[in-house]
Amino acid sequence: MRSRTIKNPGSLFLLGAVFLALILGSARAHADFTTREDVSAFIEEIAARNGLDTAPLYVALSRAEHIPRVIDLIKPPEKRGVRSWHRYRSRFLSHTHIEGGLQAWAQYENELRRAEQQYGVPPEIILGILGVETIYGRNTGKFETLSALATLAFDYPPRAELFRGELESLFLLARDQKRDPASYSGSFAGAIGWPQFLPSSIRRFAVDFDGDGKIDFDSNAVDAIGSIANYLHEHGWTAGKPVAVRVRLAPGANPAPLIEAGIEPSLSEAQLLEAGIRPLTASLPAAGDATLIDLETPGADTEYWVGYRNFYAITRYNRSNFYAMAVFQLADTLRIGHASGSIKAAKAKSAKPAATRKAAPGAKPKPKAVPHKKKPHKAKK
Ligand SMILES: [Ca+2]
């Protein structure tokens, strides 16, 4: 077959063009949202509520496109895959995440310290979120936010209410920032820029942390650092308090009722101990109400952790124990790597499955006993 000569290159070209058109057509079908009654009603409603002119909203939404891929990505998988904590964890505690985090720490050390002073959130937690969200700004998403949100708001009924709210917030954000609503980009679900804030979160929690007069999530790490810290602070982060500690189960303990108590901390230390939850260190930290976290991996023992208010604050970023624990463990790895001045030390720790470690990370703040040698900073431009 390979040696067959192409007798009619013209027809091949035509075939290629048709194929390309099909691909493009399926990727971005023009929906012309503004011809729809539900879309007109939405425009009239948000214009009235916020004192906006309807004309620019019609113009913007006439340019928005239905993106079928957005619907594919938002849908829950038809066949629910087996959740695996080990697999999930390995995605975010990679060489790229650790090395990138230590580089970002060196580059933005002053801004990270300033964020900690102002909001009480330590550098490693801010970097943990930036790392898990976008690998420190490298993967911010290529979906045009306006089209992604319009697709979800008008063509995905199960989440229409949420995404209509975010679409409304996008228009208000664009008005506030004097930007074209079509100029934002990010994830398929409307999360924008370095820290992946939804438009409503940008309006409520973003800060102009470098003081240049605007909030920029497209390219400004400093605004992202301050905004993440402010977000966690506003969601209850408390300086100096523990995030989570690894625990074990006493023989015969039944953790199910504790797990069913939910993600919000509501269990007292006495309740945990009574139910057979045992600390790996001498005692559980006295840090108020807690939640029991189970991290399942098929074919391996389930990891149990006790999470505190600061763990819950991380879940306000993304309502998932896996997510918050990945942020916490990446953060802890970065903290060790930064303190020792060594990527190797950080990776040695992260390479070990948490189950084999003696003490749970975050159980006790380790004294900074040994002053570490820092590599000289690169000359600043
Ligand atoms: Ca700024």
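What counts, and where the lines are drawn
- Residues numbered from 1 in each chain as written.
- Predicted model: local features only at pLDDT ≥ 70, side-chain atom pairs only at ≥ 80, totals over all residues.
- Helix = DSSP H or I, 4+ residues; strand = E, 2+ residues; numbered from the N terminus.
- Buried ≥ 20, exposed ≤ 12 C-beta atoms within 10 Å, placed from the backbone.
- Contact = placed C-beta atoms within 7 Å.
- Core = buried A, V, L, I, M, F, W, Y, C linked by C-beta atoms within 7 Å.
- Domains from an automatic or database assignment.
- Axes fitted to C-alpha atoms, helices over the stretch in contact; angles between N-to-C directions.
- Parallel < 35°, antiparallel > 145°, perpendicular 65-115°, else oblique.
- Left-handed = near helix turned anticlockwise from the far one by under 90°.
- Nonpolar A, V, L, I, M, F, W, Y, C, P; charged D, E, K, R; others polar.
- Pairing = 2+ DSSP bridges.
- Arc of directions from axis to C-beta.
- pLDDT = per-residue confidence, 0-100.

The helix and strand tally for the protein chain stands at 17 helices and six strands. Out of the 381 residues belonging to the protein chain, those deemed buried represent 40%. Put simply, 72% of the contacts in the protein chain that link residues at least 6 apart link residues at least 24 apart.

Okay, the nonpolar core next. Counting residues in each nonpolar core, the largest one holds 97 residues, and the members touching the most others are Ile126, Ile225, Ala244 and Val306. Looking at which element gives the most residues to this core, the answer is helix α16 (residues 321-340), with nine residues. When residues are assigned to domains, this core turns out to be shared by domain 1 (28-63 + 142-181) and domain 2 (81-140 + 237-365), each giving three or more. Once residues lying within four places of it in the same chain are set aside, the contact partners of isoleucine 225 are Tyr108, Glu111, Leu112, Ala115, Ile126 and Phe209.

Packing of helix α9 (residues 145-155) against helix α10 (residues 160-177) brings their axes to within 8 Å, and their N-to-C directions diverge by 150 degrees. Of the possible angle classes, the one that applies to α9 and α10 is roughly antiparallel. In terms of crossing hand, the pair formed by α9 and α10 is left-handed. Contacts between α9 and α10 involve Thr145, Leu146, Leu149, Ala150, Leu152 and Ala153 from the first element and Ala160, Phe163, Arg164, Glu166, Leu167 and Leu170 from the second.

Looking now at the packing of helix α5 (residues 85-92) against α16. Where α5 meets α16, the closest approach of the two axes is 10 Å, and the angle between their N-to-C directions is 45 degrees. Taken as axis vectors, α5 and α16 run oblique relative to one another. Crossing of α5 over α16 shows right-handed handedness. For the pair formed by α5 and α16, the contact residues are Trp85, Tyr88, Arg89 and Phe92 on the first element and Phe322, Ala326, Gln329 and Leu330 on the second. Taken together, the residues of the contact of α5 with α16 sort by class into six nonpolar, one polar and one charged.

Within strand β5 (residues 291-295), four of the five residues are buried, leaving the element largely enclosed by the surrounding structure. As paired strands, β5 and strand β6 (residues 303-307) are joined by five bridges and run antiparallel to one another. Of the residues in β6, the one forming a bridge with aspartate 294 is tyrosine 304.

On to the environment of alanine 106, then. Tracing the backbone through its elements, the reader meets alanine 106 in helix α6 (residues 95-107). Taking the C-alpha atoms as reference points, alanine 106 and histidine 338, separated by 232 residues in sequence, lie 8.5 Å from one another.

Quick look at unusual backbone geometry now. Positioned with a positive phi, tyrosine 136 is a non-glycine residue whose angle comes to about 55 degrees. Tyrosine 136 sits in the buried class, given 21 other C-beta atoms within 10 Å. The phi angle at glutamine 196 is positive, at roughly 60 degrees, despite the residue not being glycine. Owing to 25 C-beta atoms within 10 Å, glutamine 196 belongs among the buried residues under this scheme.

Across four bridges, strand β3 (residues 244-249) lies against β6 in antiparallel orientation. Among the inter-strand pairings, valine 247 is bridged to a residue of β6, identified as tyrosine 304. Pairing of β3 with strand β4 (residues 277-279), which is carried by three bridges, proceeds in the antiparallel orientation. What sits directly across from arginine 248, in β4, is arginine 278.

The next thing to look at is the environment of proline 251. Tracing the backbone shows proline 251 in the loop between β3 and α13 (256-260). Judged by the 5 C-beta atoms lying within 10 Å of it, proline 251 is exposed. Spatially, the C-alpha atom of proline 251 lies 9.8 Å from that of isoleucine 277, the residues being 26 residues apart in sequence.

Turning our attention to the sheet that holds β5. Read across the sheet, four strands follow the order β4-β3-β6-β5 without closing on themselves; strand pairing throughout is antiparallel. Taken across any chain shown, the strands that pair with only one partner, and hence form the sheet edges, are β4 and β5. Shown here is a sheet whose adjacent strand axes are inclined to one another by a mean of 45 degrees, direction ignored. Of the strands in this sheet, β3, β5 and β6 touch α16, which is tilted by about 90 degrees from β5.

Moving on to helix α3 (residues 54-63). Every α-helix carries 3.6 residues per turn, so stepping three or four residues along brings you back to the same face. For α3, the complete set of buried residues consists of Leu57, Ala60 and Leu61. Projected down its long axis, α3 shows its buried positions confined to an angular sector of 90 degrees, all on one face. Exposed side of α3, more than 90 degrees from the buried face: Ala55 and Val59 are the residues found there. On its buried face, α3 sits against α2 (37-50), α9 and α10.

The next point concerns the confidence of the model for the protein chain. Any region with low pLDDT has predicted coordinates that should not be read closely. On average, residues of the protein chain carry a pLDDT of 87, and 83% of them reach 70 or more. Within the model, the stretch residues 1-10 combines pLDDT values under 50 with one contact to residues more than four positions away or in other chains. In this model, residues 353-381 is a region of pLDDT below 50 whose contacts with residues beyond four sequence positions or in other chains number 28 contacts.

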